[in-house]
Amino acid sequence: MIGNIWLYSTLTIATIFSASVAYKAYSDIQEAKDIQQSFEIISQIKQRVAKEYNKSPEDVTRDEVIAYLPKGPNWEKVLLVSRSSGNTLINSDALLNADGEFELDEDEKVKLLALNAKLKEYGIEQTQETSSNKVTFKMGMQEKNFSYKDNVIAEKVTKTIEILYLNKNSLDTEFTKIIQNNTPYNYIYHDLKKTDTEKPSTSEVKLRKEVYFKKRIKQRLISSKNSRDIEIYDLIKDKL
Amino acid sequence: MKKIILISIFFFNLSFLIANPISSLSFEQRQSLLEKVKLAIEKEEAIAKAYELYLIKEYKKASSLSVLLTDDYLGRSFPKNFTGSDTSYFSNFVIATSNGNEYINYRLKSLITQNDTHIKSLYESDTFRKKTFFYDGKIYIILKTNLAKSIFALIKKQNQDLLDCTNSSSKQYCTKVDTTGKFKTHIYIYSSTSKTVANLLMYYLPENFEKGPILIKDDISVYNRDEFKLIPVGARLYDFKGEKYLKTFDDIRKVN
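The rules behind each value
- Residues numbered from 1 in each chain as written.
- Chains lettered and ligands numbered in written order.
- Predicted model: local features only at pLDDT ≥ 70, side-chain atom pairs only at ≥ 80, totals over all residues.
- Helix = DSSP H or I, 4+ residues; strand = E, 2+ residues; numbered from the N terminus.
- Rg over C-alpha atoms; globule rule 2.2 N^0.38 Å.
- Contact = placed C-beta atoms within 7 Å.
- Domains from an automatic or database assignment.
- Nonpolar A, V, L, I, M, F, W, Y, C, P; charged D, E, K, R; others polar.
- Pairing = 2+ DSSP bridges.
- Buried ≥ 20, exposed ≤ 12 C-beta atoms within 10 Å, placed from the backbone.
- Core = buried A, V, L, I, M, F, W, Y, C linked by C-beta atoms within 7 Å.
- Axes fitted to C-alpha atoms, helices over the stretch in contact; angles between N-to-C directions.

Caption draft 1: Structural detail: the overall build of chain B. If you tally the helices and strands in chain B, you get 6 helices and 11 strands. Taken against the 2.2 N^0.38 rule, which gives 18 Å for 256 residues, the C-alpha radius of gyration of chain B at 24 Å runs more than 25% over that of a compact globule. Counting only C-alpha atoms, chain B reaches 80 × 40 × 30 Å along its principal axes. Of the contacts made within chain B by residues no fewer than 6 positions apart, 40% connect residues no fewer than 24 positions apart.

The structure is reproduced here in structure tokens:
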């Protein structure tokens, strides 16, 4: 009798334990799938924003993603670490931080694995920074999006010419500051070395990028077919 | 009674704002606010597009929004003012001028700018913008066409719109409009406000300015004036006697 009770109890406990383990495994797999699906949706939105507005996908912020998502409360779940937790972006269950970077708890091993697998599948270079138990994914430039850099530089040239014109009466004092404030240092990818073996310092590289950017402005102004650009070129030709 | 209603509305709005500071907006509320910011930028883009069109068609700068609120440009029903709770977040649209350059006023109110740097950054960034940009606290307009840029440069140079040359208020750069409608409007460039034949430096059809032909004075001594420097390189020029010239990078050369 006692033996039967013991046997049934053991079987019941084992069944409950197995069921909970199975449920946990199912839940983990489901959440891992959710993370991967969220990654794909977010990546596609980032690609669209980047293509339309000439910027790198990794620079697209969370607000820009939200602005692109269809309307409706359920879309918030795409931006959450766990869709079933009942948490929201406000109480910090965000998969994407405000800068648009993916973030996960260090302890969420399955989700980390799932996200890493997706990044690998997409061929995205990334580094991971851990702080306060949070792993932040710093995405590298994606090779297929390299052309965005050229577009960003071209857009910056346009905008800088506009700013130079706005300041045309004070260019003697403002020119250098305007160039420094508008040179897209992170987007100028060209090798500005003078020889193959040269290793220029960080400050020298910065300076060369400014020179490169001024050269691009000069090229644009010289080939321009309007009076305003001709006037600006005449004002700054000695500084370019 | 009206005062009581107004005061009630004020306190209702105030309580709404206190209960809904930007930092604790729900996803839907934030998405809605971002949508409005995006819409506000799109309207600024529409104003910039209309500004350029007005410049090309009228040879004038639109120094206020009201001149663009016609069927030819933004339409009379363009919503230049915000209503309801949006007035807590956005200022109404205004075009103003600084140093001869028109700009659209900065539209986010302090409720956003002081409480949410991300929405502020989004508004000030180039995302969603192609014809406008944020600079020095204002939204400036980017002119896209060479024609608009050239007309703008002339207007700014003489600090006045290109009026009809027969208008007594017109300055040295003006237009000749054919009232019969047979001929297109030409731009006339004089050396002074005295618009005599002797003072005429050049005239041209605006759409021909990039490549020519541009009719110029048959006097090489005036070719070093600023007005000639502003002609695009490669443009074909003919003097009043029919001799052919070419604008080069640093000169105006006769073509044999």
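So that's the structure; there's more coming.
Caption draft 2: Main features of the domain arrangement of chain A. All names here are of chain A. The domain boundaries assigned to chain A delineate domain 1 (2-143) and domain 2 (147-236). One C-alpha centre belongs to domain 1, the other to domain 2; they are set 41 Å apart. Contacts between domain 1 and domain 2 engage 4 residues on the former and 4 residues on the latter. Class assignment for the residues of the side of domain 1 that touches domain 2 results in 1 nonpolar, 2 polar and 1 charged.

Caption draft 3: The pairing of strand β1 (residues 95-98) of chain B, seen in detail. Residues and elements named next belong to chain B. Sheet topology places β1 next to strand β2 (residues 101-104); 4 bridges connect them, and they run antiparallel. Each bridged residue has a counterpart across the sheet, and for Ile95 the counterpart in β2 is Ile104. What sits between β1 and β2 in their antiparallel hairpin is a turn of 2 residues, with Asn99 showing a positive phi close to 50 degrees.

Caption draft 4: Structural context of the domain arrangement of chain B. Its domain assignment divides chain B into domain 1 (2-141) and domain 2 (146-254). Here the residues of the side of domain 1 of chain B that touches domain 2 of chain B are counted per class, giving 3 nonpolar, 1 polar and 3 charged.

Caption draft 5: Representation of the environment of Pro57(A) within the structure. Counting through the fold element by element, Pro57(A) comes out in the loop between α1 (2-53) and α2 (62-68). Judged by the 23 C-beta atoms lying within 10 Å of it, Pro57(A) is buried.

Caption draft 6: Representation of the nonpolar core in the model. All names here are of chain B. Ranked by internal contacts, the top residues of the largest apolar core, which has 95 residues, are Val37, Ile47, Tyr51, Leu68 and Ile214. Among the elements that take part in this core, helix α2 (residues 27-58) stands out by supplying 11 residues, more than any other. The contacts of Leu68, once residues within four sequence positions are left out, are Ile47, Ala50, Tyr51, Tyr54, Ala62, Tyr73 and Leu74.

Caption draft 7: Main features of the sheet that holds strand β3 (residues 132-135) of chain B. A sheet is described by the order of its strands in space; here 4 strands give the open sequence β1-β2-β4-β3 (chain B), paired in antiparallel fashion. Unpaired on one side and paired on the other, β1 and β3 of chain B mark the two borders of the sheet. Neighbouring strand axes in the sheet, compared pairwise and without regard to direction, differ in orientation by 45 degrees on average. Across 2 bridges, β2(B) lies against strand β4 (residues 138-141) of chain B in antiparallel orientation. Directly across from Tyr103(B), in β4(B), lies its bridge partner Tyr140(B). The strands touched by helix α4 (residues 147-166) of chain A are β2, β3 and β4 of chain B; relative to β3(B), the strand with the most contacts, the crossing angle is about 55 degrees.

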